[in-house]
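Each chain, written out:
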Amino acid sequence: MPIATIAKEFSFDAAHSLPHSDGPCKRLHGHTYRVTVMARGQIQPLDGRAEEGMVLDFTRIKEVFKRRIEARCDHQFLNETAPVERTTAELLAAWMLAEMRAELPQVIAVRVSETPSSWAEVTVDDLRASGEEA
Ligand SMILES: [Zn+2]
């Protein structure tokens, strides 16, 4: 079976502030965040199991995202609820990637968009290169 990359997109509303920023993000404000979770792997053989012909069932990505991430982010003040030192899109993406990989090792990247034109992406290679994951 070939290797494939799949992605599932989520969105939630949340408030945050970046206390040391020079820009308007210093003040309390909100975003409709969009998060794209990407997974990659070999398509599973057609052997009668539930995930045959898939890399990973989209519903499993959704279940893990809602339980591990959305519950701590949706309509929350991220500075208080997200376990990151600063609530930048970059650090949120790194945290979300580690959370997703704790249960779904096929997840290889997470992209966090604060606006339609501003996003940050962290990949598993980025985590490894920075020593965040062995
Ligand atoms: Zn912001």
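Scroll up a little and you will see the structure.
How each quantity is defined
Residues numbered from 1 in each chain as written. Predicted model: local features only at pLDDT ≥ 70, side-chain atom pairs only at ≥ 80, totals over all residues. Heavy atoms only, no water. Helix = DSSP H or I, 4+ residues; strand = E, 2+ residues; numbered from the N terminus. Buried < 20%, exposed > 50% of the residue type's maximum accessible area, 1.4 Å probe, protein only. Contact = heavy atoms within 4.5 Å. Areas by Shrake-Rupley, 256 points an atom, 1.4 Å probe, with all protein chains shown as cover. Bend = angle between axes of the 7 residues up to and from the residue. Donors = N, O, S within 2.8 Å, 3.2 Å for Na, K, Ca; no water. Phe/Tyr/Trp six-rings, centres within 6.5 Å; stacked < 30°, edge-to-face > 60°.

### Points about the overall build of the protein
Item 1. Across its full length, the protein holds four helices and five strands.
Item 2. The secondary structure elements of the protein, listed N-terminal to C-terminal, are β-β-α-β-α-α-β-β-α.
Item 3. Taking the principal axes of the C-alpha coordinates as reference, the protein spans close to 55 × 30 × 25 Å.
Item 4. Buried residues in the protein amount to 38% of all 134 residues.
Item 5. Pairs at least 24 apart in sequence give 60% of the contacts found in the protein among residues at least 6 apart.
Item 6. Of the roughly 7,500 Å² of accessible surface on the protein, a fraction of 52% belongs to carbon and sulfur atoms.

### A look at the environment of Thr 123
Item 1. Along the chain, the position of Thr 123 falls in strand β5 (residues 118–123).
Item 2. What Thr 123 contacts, discounting residues up to four positions off in sequence, is Leu 97, Ile 108 and Ala 109.

### Side note on helix α1 (residues 58–73)
Item 1. A bend of about 45° at Lys 66 is the largest found in α1.
Item 2. Listed in full, the buried residues belonging to α1 are Ile 61, Val 64, Phe 65, Ile 69, Glu 70 and Cys 73.
Item 3. Positive phi shows up at His 75, right after α1, with a value of about 55°.

### Some points on the coordination of the zinc ion
Item 1. Taken together, His 16 (NE2), His 29 (NE2) and His 31 (NE2) make up the full set of protein donors to the zinc ion, lying 2.0 to 2.1 Å away.
Item 2. Here the donor residues for the zinc ion map to a single chain with the spacing H-x12-H-x1-H.

### A few points about the packing of aromatic side chains
In this description, an aromatic ring pair is defined by two values, namely the gap between the centres and the angle between the planes.
Item 1. Here the structure, examined in full by the defined rule, presents two aromatic pairs.
Item 2. Between the aromatic rings of Phe 10 and Phe 65, the centroid separation amounts to 4.0 Å while the plane-to-plane angle is 5°, which identifies the pairing as stacked. Here Phe 65 lies in helix α1 and Phe 10 lies in strand β1 (residues 3–16), a separation of 55 residues in the sequence. Summarising the burial analysis for this pair, Phe 10 and Phe 65 share the class buried.
Item 3. A ring pair is formed by Phe 12 and Tyr 33, whose centres lie 5.3 Å apart and whose planes are at 20°; its orientation type is stacked. Here Tyr 33 lies in strand β2 (residues 29–42) and Phe 12 lies in strand β1, a separation of 21 residues in the sequence. Here the two residues Phe 12 and Tyr 33 agree in accessibility, since each one is buried.

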